[in-house]
Amino acid sequence: MILRRLLPLTAALSLAACAAQPAAVTSAPKPTWAFQQSDLPPDPAYRYGQLPNGMRFIIRRNATPAGTALVRMDIATGSLDESESERGFAHFVEHMAFNGSTHVPEGEMIKLLERNGLSFGADTNAQTSFEQTLYMLDLPRADPKLLDTTLMLMRETASELTFDPEALARERGVVLSELRDGQGWQRTNLEDQIAFFYPKATYPKRLPIGTIEALNASTADTLKAFWAREYVPSNTTLVIVGDFDADAVEAAIRARFADWQPKPATPRPDQGKVDPKHKAQTDIHIDPSLSERVTASRHGRWLDEPDTVANRRTALLRQIGYGAVNRRFQRMSRVPDPPFRGAGFGTSDVFEIGRTTNLIVDTVDGGWQRGFDAATGAYARALSGTFTQAEIDEQVANIRTALENGAAGADTRSHGTLVAAALALVRDDQVPTTPQSGLDRFNQFARTITPKSVMAALKAEAVPLKDPLIRFQGRTPPAGGEKALRQTFAKATRAKASAGEVPAPVAFAYTDFGPPGTVVSDTIEPLYGIRQIRFANNVRLNLKRTDLAKDRVQLSLNLDGGEMLDSKADPLVTEMTAVLARGGLTKHSEDDLQTLLAGRSVALGLGLSGDTFATDASTTPRDLALQLQLWAALITDPGYRAEGEVAYRQNIANFFARLRSSPGAALANSIGGILSDNDPRFTLQKQEDYAALSFAKLRAALSDRLTNGALEIAIVGDIDEAAAIEAVARTFGALPQREADFRPYTAQRQRSFTATRTLREIRHTGQPNQAIVRMVWPTRDDSDADEAVALSLLDAVVGIEVLDTVREKLGKAYSPGASSALSRVWTSYGTFTINASVDLADVPATRAALVETMRALAAAPVDADVLQRARAPMLERIDNALKTNSGWMALAENAQSHPDRLARAKAARARLEKITAADLQALARRYLAPEKAVELLVLPEGATLP
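Heads up: these notes are all about the structure in this document. (Residues numbered from 1 in each chain as written. Predicted model: local features only at pLDDT ≥ 70, side-chain atom pairs only at ≥ 80, totals over all residues. Heavy atoms only, no water.)

Here we come to the overall build of the protein chain. Helix and strand counts for the protein chain come out as 28 helices and 23 strands. Its C-alpha atoms give the protein chain a radius of gyration of 29 Å, near enough to 30 Å, the size a compact globule of 946 residues would have. If you line up the protein chain on its principal axes, its C-alpha atoms span 70 × 70 × 60 Å. Evaluated residue by residue, the protein chain yields a buried proportion of 59% over its 946 residues. At a minimum sequence separation of 6, the contacts of the protein chain that also span at least 24 residues come to 84%. (Helix = DSSP H or I, 4+ residues; strand = E, 2+ residues; numbered from the N terminus. Rg over C-alpha atoms; globule rule 2.2 N^0.38 Å. Buried < 20%, exposed > 50% of the residue type's maximum accessible area, 1.4 Å probe, protein only. Contact = heavy atoms within 4.5 Å.)

Right, let's get into the pattern of salt bridges. Applying the stated rule across the entire model yields 76 salt bridges. Put simply, E305 and R318 hold a salt bridge, and the shortest N to O gap is 2.7 Å. Within this pair, whereas E305 is found in the loop between β8 (292–300) and α9 (309–333), its partner R318 is found in helix α9, the two being separated by 13 residues in sequence. Summarising the burial analysis for this pair, E305 and R318 share the class buried. For R649, the salt bridge identified is with E645, shortest N-O distance 3.5 Å. (Salt bridge = Lys/Arg side-chain N within 4 Å of Asp/Glu carboxyl O.)

So, about unusual backbone geometry. The omega torsion of the bond from T64 to P65 falls at 0°, within 30 degrees of zero and hence cis. Positionally, P65 belongs in the loop between β2 (56–61) and β3 (69–75). One non-glycine residue, A280, lies in the positive phi region at around 55°. On the secondary structure map, A280 appears in the loop between α8 (246–257) and β7 (282–286). Given a relative accessible area of 42%, A280 falls into the partly exposed group.

Turning our eyes to something else, we now look at the packing of aromatic side chains. For any pair of aromatic rings, the description consists of the separation of the ring centres together with the inter-plane angle of the planes. Tallied over the full model, the rule gives 28 aromatic pairs. Ring geometry for Y46 and Y48: centres 5.9 Å apart, planes at 35°, overall tilted. Classification of Y46 by relative accessible area gives buried; the value is 6%. Ring plane angle 65° and centroid distance 6.4 Å describe the contact between Y135 and Y231, whose orientation is recorded as edge-to-face. Of this pair, Y135 sits in strand β5 (residues 133–139) while Y231 sits in the loop between α7 (220–230) and β6 (236–242), and the two are 96 residues apart along the sequence. (Phe/Tyr/Trp six-rings, centres within 6.5 Å; stacked < 30°, edge-to-face > 60°.)

Taken together, five strands build an open sheet; the order of strands is β19-β23-β20-β22-β21 and the sheet is mixed. Edge positions in the open sheet fall to β19 (760–764) and β21 (817–822), since each of these has one partner strand only. Strand-to-strand twist of the sheet, defined as the mean angle between neighbouring strand axes without regard to direction, takes the value 20°. Its contacts with the sheet put helix α23 (residues 785–809) on β21 and β22 (830–839), and the angle it makes with β21 is roughly 165°. Set on the sheet, helix α24 (residues 843–859) makes contact with β20 (770–778), β22 and β23 (934–940); between it and β20 the angle comes to about 25°. (Pairing = 2+ DSSP bridges. Axes fitted to C-alpha atoms, helices over the stretch in contact; angles between N-to-C directions.)

Attention shifts here to helix α25 (residues 864–880). Its 17 residues place the ends of α25 24 Å apart at the C-alpha level, agreeing with the 24 Å of an ideal helix rising 1.5 Å per residue. Buried residues of α25: V866, L867, R869, A870, R871, A872, P873, M874, L875, E876 and N880, and no others. The elements touched by buried residues of α25 are α2 (108–115), α23, α27 (900–914) and α28 (917–927). Capping the start of α25 is the job of one residue whose side-chain oxygen sits 2.9 Å from the backbone nitrogen of D865: D863. (Expected span 1.5 Å × (residues − 1). Polar contact = N/O pair within 3.5 Å; in protein donor to acceptor, adjacent residues only side chain to side chain.)

Our focus in this paragraph is the nonpolar core. Counting residues in each nonpolar core, the largest one holds 56 residues, and the members touching the most others are L541, I713, I715 and F732. In terms of residues, this core owes the most to one element, helix α17 (residues 624–636), which gives nine residues. Excluding anything up to four places from it in sequence, I715 contacts L541, N542, L543, K544, V553, Q554, L555, L624, L628, A724 and V728. In terms of nonpolar packing, the next biggest core, distinct from the first, is built from 53 residues, L139, L146, F163 and Y231 among them. (Core = buried A, V, L, I, M, F, W, Y, C linked by side-chain atoms within 4.5 Å.)

All right, on to helix α10 (residues 368–384) then. A turn of α-helix holds 3.6 residues, and therefore any two residues three or four places apart point the same way. In this model α10 runs 24 Å from its N-terminal to its C-terminal C-alpha over 17 residues, within 8% of the 24 Å that 1.5 Å per residue would give. Where burial is concerned, most of α10 is hidden: 13 out of the 17 residues are buried.

Written out as structure tokens, the structure is:
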């Protein structure tokens, strides 16, 4: 339940392309809302309010999806509000919010929500970060009674928690298990990283998970004192977005929270500082699981920039500048012999105590010097020179399209999008403006954007990397050590070579695939009204027009083949499919495509989906034809360029170096072979086998399916059906004749489940106290609709029972659970799994608890309340499934090749409702007897089973 907020250097390279965001207004007295001191007009569709006690609220009526709502309670407190002895208290209090209050006994909150159709975890959750604690409820129904229940629970959390000592003792085990699960090489690397870059800041010593010492020392009194100090009305904001009348919501909020007594907010403790003079130091951090990375950084003061029209324009110029620099890095990484795997340049705020500019370079093992030199040289040339107009135009085109798409779809934005904008106001003082006003401001400003103005804005924020802090991480120390790192940087910044980064623009070459195809069949299936079309060349097209997301279109493509091409003799035939698009097209490299398609809402890719090659995309009506052209080009003329092979091979060493680096990794990389008795198709092969793969082998494997395989396309959303049919006719419909049906692959679909039931041990090289207990049963495929639904309900029931036993009663695990997976691809194959990540010392007790839980399911019918709590969220999901385009796509993508799925979907609710406790008991007896399970224990290397 911890949210690790994006901070400098702690996330992927994508952060480096982002300009710093407008920060909080610091005028005194601070206004209730940031827009009260801004020239940006707030979106009037939100209702902004404040109770006399100081609690704020934001309400917005929205019907996407219809009849549902999101409720969020944001408390402006996090780990930065803790004292040294309170480390982890903010997060611990968040856990205790689910463990008893004045009017809701311990354990009843989750049960109450489950009875109302909310799943624990999916619809009921919370997050703790450095500065906020957020409570989240996703309401499957927008009815006043459920809203009242929700607000009652939020009020209980705000002012009525009881902190029962026995409940606290049990929950302490859960929190400590979450801390334990998060330990390992990634956590150690993060801690070393932030300690090096920010030695005088507080936050490196206030990670939200806390410390074992502080958590063990916590008591009901000390936790309650923290909660009482921090959970005050003036620190609290309720955000409710959904299909409710705003007047009714406001009245409900006032009724529940008006009598919450105000208290003064406690000032946040000193956050330390980010020292701009901190420079010219080097850190080397080595771990066998770490991929090689070099980071050069310098700090500057925090820029206090309120959210105004002028500052948004400045931020836009910075965004373009960072984007242009990073685009140069991207081009350098997309050549047959790239100097680095990836590189990024950007500046990020460190709360409100400083800012950091980073150059981050990821390289292959031993390649740090070449990569760091190349990236540093490119950075130095960029900042000492200027951008070309073509570079600026590419960035501007992408930004313009995003704004245009946002404005076109403004009326059907999702609840989540609107909640995010509201929380940005609450947390970062960013004014939620309308998408159209943003587009209008951009259009007024765009003509003034020049390479010169972009560079000026970039230099005004980016801290020059003079005598930088340099950090190396990797598996082996860099040759030459600290001296070599600093000399490489210094030499590269003095290089005066010409940039040469920007290629000449070209035109898209794939617009003509021959005479348009002819429609030979056009029907509308009766259950859901999905239009089913077949072209003369046997290409199938399924259409469903909706008004659920204005100006948005979803597409999917399924091509016969997929994993059915793999065999025991040659199990890695299709392994490289995922990087096919990285090889570009014959007439355009991947990098060329990014430039020439700038400003267009299209995507290129292909992956494996069981018995098909599959891809999907989201686009607009304007770019639907182009998206289809791009896909058709990949199917008919893939480039198989060396850059794609390079991208694949660069990841192999990292993958195998981390093979057993954590319990989860060790389990994931071993279980396929164990359950299949080492069938090569499902068993990890030797590293050299993967390294030997090539596009030549992939071409030989795929060429027949790409040319001849049966193909089904689905298009869902805001479409003109005639235009969509024409676009498919001109692309896929124009291709040569294809096979009429998807192949049965009867022999290839055979997959065995091991008959061995002895205990299996898997060893990992992670933390010495980490272990996993897993039990797996063979079940069946999903060809029987009744039994498939019943096993899904049994999955939900077992999940509740395991969570109650292992987490709530024993306090042994953070997220134990169950899952049922019935295959649509492998004949007679399915699995049912229960799992718990625990301390090594708790393995025996956990095993015993899991076995007892499963025996109880077979011994007696499921408790009526548990059955209701399991079934209610499933019924709500069925009722809400077709309120989004994604839900419709799940039906449309195989509407012709698997028409039986439509009838199954229509009958799903009735099937679910008729299942009884006795049915589930019989199912548990049939499949889930403990002695029938494959039991897997994932233990530390060298440890003895307790």
